[in-house]
Amino acid sequence: MKLNRIQVRIFKELGREKGLDAAPYAQNHAVEYISVQRDRLQDLSEEEGDRWINKAYLASLSPDSP
């Protein structure tokens, strides 16, 4: 199953925070968050999106987070 609309909105916001559109953000950071290269946002499964969003959230709680 592909990303749901809420996940897509979250990815757009995560990308915006990095100064990127959602697609380049997904391409540049996939390995960091899900340990698999994905070149397009549409290539992410809903489960991969959940893992990614969870890791990004946990990273944002870190005191070292920008």
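Anything mentioned here points back to the structure above.
Residues numbered from 1 in each chain as written. Predicted model: local features only at pLDDT ≥ 70, side-chain atom pairs only at ≥ 80, totals over all residues. Heavy atoms only, no water.

Caption draft 1: Molecular detail of the packing of helix 2 (residues 22–34) against helix 3 (residues 46–60). Where helix 2 contacts helix 3, the axes come no closer than 10 Å and their chain directions differ by 80 degrees. By the angle class used here, helix 2 and helix 3 are roughly perpendicular. On helix 3, the residues that touch Tyr25, Ala26, His29, Ala30, Tyr33 and Ile34 of helix 2 are Glu48, Arg51, Trp52, Lys55 and Ala56. Of the residues belonging to the contact of helix 2 with helix 3, the class tally is seven nonpolar, one polar and three charged. (Axes fitted to C-alpha atoms, helices over the stretch in contact; angles between N-to-C directions. Helix = DSSP H or I, 4+ residues; strand = E, 2+ residues; numbered from the N terminus. Parallel < 35°, antiparallel > 145°, perpendicular 65-115°, else oblique. Contact = heavy atoms within 4.5 Å. Nonpolar A, V, L, I, M, F, W, Y, C, P; charged D, E, K, R; others polar.)

Caption draft 2: How the structure looks around the packing of aromatic side chains. Here the structure, examined in full by the defined rule, presents four aromatic pairs. With centroids separated by 5.6 Å and ring planes inclined at 50 degrees, the aromatic side chains of Tyr25 and Trp52 adopt a geometry described as tilted. Highlighted residues: Tyr25 in helix 2 and Trp52 in helix 3, separated in sequence by 27 residues. Take Tyr25 and Trp52: they sit in the same class, and that class is buried. (Phe/Tyr/Trp six-rings, centres within 6.5 Å; stacked < 30°, edge-to-face > 60°. Buried < 20%, exposed > 50% of the residue type's maximum accessible area, 1.4 Å probe, protein only.)

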